[in-house]
Every structure is written in structure tokens, then in C-alpha cells.
Amino acid sequence: MRTRAIVDLGAICKNYEHLKQIVGEPTILMCVVKADAYGHGAVPVSRALARAGARHFAVATLEEAVQLRTAGLAGTLGVLSGFEPGEESEAAARGIYPMVSSEEQLERWNETAERSGRRLPCQLMLNTGLNRLGLDFVPGNGSGPSALLQKLRECSALDVQGVGTHYASPENLDSDQTERQNELFQRQLQALRAAGVEPRYVHSCSSAAIIHRAGDAWSRQNCTMARPGLALYGYVLNAVGRGAGKASGLVPALDWRARLAAVHDLPRGTAVGYAASFVAPRAMRIGTLSVGFADGLDRRLSNRGEVLLGGAPCPIIGAISMDLTIIDLSAAMSARVGDEAVLLGAAPLDAGTVADRVGGVPYEVLCRITQRVPREYTGAASGR
């Protein structure tokens, strides 16, 4: 096999249990498995989490939700950005609910409920400062009943089961943005409850807030749910600012490897790869790995990344091409064709470290691994 990703479902379930301990009872977790569970495989990951006790899941699109329902996933299943026009009927038929981020989405879902003759569940996503998606609701401005409250009264066929918001920079401990967002969210909740909306699920904390804000008195104020995504897979954005420390207790769940397809001995001064971006400074041994940017290996790692071969660090040299990558074998002179190199895994080649090399974030390192890379599953929850 030219390249493969090995996913430890047991590690994901351990991360789930760790996060449950952090948020504590009675807060429950909504497991975010969008983007194919951040590249880990949405169906096997969701099944493993369900066996571990998870009952609430969220994805980014209806297509992702339908894939999980078709695979037999039970429990509540929400679409984080709501539905595109025309998706409502299929969603209702499959028991998938929207996290409503606009009044238009609210109206369309209410019309679907009226046509079906039954109340349909939904959750409201409120904008508190991320200013990306979310219902704009500023209570107590003295201008009379807000448009949102009026719209909720009109949409009487809906069962508003939850209310959430999304923090913009919870990992920045020097910024007061998260606190200000939380203050607005609490005022929004108060106004909704005063208008008769009593959500069962209230949530604001995603992975970084769960990990880095757990000690803040307000971090779980009125919240009955939290939404871990990246942390389920063993990562969290590093905290910055006063008091920032390293997160502990999370286990990276994915190990990406590639087969050594060729070995060459080069004389000094020999150019390597497209555009001759590397020239051998000395006589050296190089190897060609059967992986490239079409598999998801970031091309920005050309001449700056490294892999591990037999435990030895081997720098990436030359430009990463579509299907192949060249490495310096000076530290692994005994390497042979067929050996496997580690591209991504635990430290020192975890997704955070790799992301730092290219000025990125762990999310993109994991999500970039394409479907051309077969996933293999191990761990206590893999069913094996």
C-alpha cells in the first residue's frame, strides 16, 4: 500500500471521556464530526463514539448528516449552519434538525413543519461577535419587540430545543472578547426565556473553550451542553497570553504513513525535484515516498518539513509533487524500498507541529488528507 492513515478509535473514545470529565455533570457533549470527522472517517468515528455513550452529533452539511443516518447512526443529529433552500423535506424525513442562523432559515423550517403536520425540532445559533453566521439579536435596546422574538412567535410549529453561540478567540487568554461574547449571550438567553423560549440545550464552548476556559467561573454559566470537535481527535489550538499552558490529556488519534518507493545515491551538486529547488550540497542518499499533495501532504512543506523513518528524522527536500515526495536519507542510510515513513502522528510529528511549520492550524492538516488515502481502524472501539 503506497500510503495509509491508521485511526485509533480507542484514542478518540478516551478523548471523549476526558472531555466529559472536564465539563462535568450534568453537561453533555455534542460531538462534532463534520468534514468526515476532521479526516478520521465520520461513520466509524460516530459509531465508536455512540458505543462510548455519545447521543448528540453535529455536522456541517445535510449531505454529511444523510451519510450518517444511512449508516444507521441514531441519536440527535444537527447541521451547524442550517439547511440550504430545498433541503428541508429530506432533513425532516430523516430526523435531522437545523441549527438556525437566519430568520429565513427559521421561516423555511417552520413551513416544513406546518406541511408535515408535526412540530419539528431546531436550535438557534446566535451571533455574539464572531460575525460569521448567526442570528443577530441584541436584547434590551429599547426599540420595542425584537424581530427575532416576533419571528419566533410566528413560527409556532417549531420546537426550539437549543440555543448556542460560537466564540471567536477562546484560546487568547489576554483578550476579553470571549467574556464580552458570553455577557451578550447571557442577555440573549434571558430575553428568550422572558419571551417563553426555554431551551433544553444551551451551548457556547467548542474545544478551545472547553480546554482553556474550564477554570473560568463563567465558562459553563447556564450551559447544559458543549461542542467538542478538534479535541475529540487529540488536538486543541494552543493557548496564548498570560497563564497559557500546554493542554494535557488529549491523545492524537491518526497516524499517517507512506511507503518508500525508491532510493538513490546522488553526487554533490545534483538537482532534486521540480524546478531544481534543492541541490545536493554533498554526496547524499535520497528516498522517494509514495505520497504527494494529491493525498493531502501540504506543498508548503517542500524543503521545510520532515518525516520519520525508523525513528530517524528525514527532511523533505525539493518540491512535493502530486503523487511523490523526496526525502533526505542521511539519518536513515539503511532504509530500503518498502519501508514506511511516518508523516503525521504523535509528537514530534503531531498535527500542531506540522501546522506550525507552514503557518497553519491542526484542523487543515487533518482535513487535508484526501480520500485517496485509505483509512485503517484500530483500538478497543474499532469492533475488532
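Here, every reference points to the structure presented above.
As the structure is a computational prediction, the values presented were derived from the model and not from experiment. (Residues numbered from 1 in each chain as written. Predicted model: local features only at pLDDT ≥ 70, side-chain atom pairs only at ≥ 80, totals over all residues. Heavy atoms only, no water.)

Colleague: Sorry, what's going on with helix α7 (residues 147-154) here?
Modeller: Along an α-helix, residues three or four positions apart point the same way, because every turn accommodates 3.6 residues. Of all the residues in α7, the buried ones are Leu148, Leu149, Lys151 and Leu152. Projected onto a plane normal to the axis of α7, the buried residues spread over an arc of 160° and lie on a single side. Residues of α7 that are buried make contact with α6 (103-116), β6 (120-127), β7 (135-136), β8 (158-164) and α8 (177-194). (Buried < 20%, exposed > 50% of the residue type's maximum accessible area, 1.4 Å probe, protein only. Helix = DSSP H or I, 4+ residues; strand = E, 2+ residues; numbered from the N terminus. Arc of directions from axis to C-beta. Contact = heavy atoms within 4.5 Å.)

Colleague: Please clarify how the pairing of strand β4 (residues 76-79) should be interpreted in this entry.
Modeller: On any regular strand, side chains alternate: one points to one face of the sheet, the next to the other face. Summarising the sheet, strand β3 (residues 56-59) and β4 pair through four bridges and their orientation is parallel. Across the sheet, the residue bridging to Val59 is Val79, located in β4. Taken together, β3, helix α4 (residues 62-70) and β4 form a β-α-β motif whose crossover is right-handed. Note: β4 against strand β5 (residues 97-100), two bridges, orientation parallel. Pairing of Val79 across the sheet is with Pro98, part of β5. Note on the crossover from β4 through helix α5 (residues 88-93) to β5: the handedness is right-handed. (Pairing = 2+ DSSP bridges. Right-handed = clockwise from strand over helix to strand, strands pointing away.)

Colleague: Help me understand the pattern of salt bridges in this model?
Modeller: A side chain with one charge can pair with a side chain of the opposite charge if their charged atoms come near. Under the criterion given, the structure shown has 24 salt bridges. Between Arg2 and Asp295 there is a salt bridge, with the nearest N and O atoms lying 2.9 Å from each other. Placement of the pair is Arg2 in the segment before β1 (3-8) and Asp295 in the loop between β14 (284-289) and β15 (306-309), with a sequence separation of 293 residues. By relative accessible area, Arg2 is classed as partly exposed at 29%. For the salt bridge of Asp328 with Arg282, the shortest nitrogen-to-oxygen distance reads 3.6 Å. One end of the pair, Asp328, is in strand β17 (residues 325-328); the other, Arg282, is in the loop between β13 (278-279) and β14, with 46 residues separating them in the sequence. A single network of salt bridges, built from pairs that share partners, joins Arg4, Asp255, Arg257, Glu340 and Glu376. (Salt bridge = Lys/Arg side-chain N within 4 Å of Asp/Glu carboxyl O.)

Colleague: What should I look at first to understand unusual backbone geometry in this one?
Modeller: The residue after Glu25, namely Pro26, is reached through a cis peptide bond having omega 0°. Here Pro26 is to be found in the loop between α1 (9-23) and β2 (28-32). Look at the link from Ala347 to Pro348: it is a cis peptide, with omega at 10°. Inspection of the secondary structure assignment puts Pro348 in the loop between β18 (340-344) and α10 (351-358). Even without being glycine, Asn131 reaches a positive phi, approximately 55°. Structurally, the position occupied by Asn131 is in the loop between β6 and β7. Of note in this structure, Ala276 is not a glycine but carries a positive phi near 50°.

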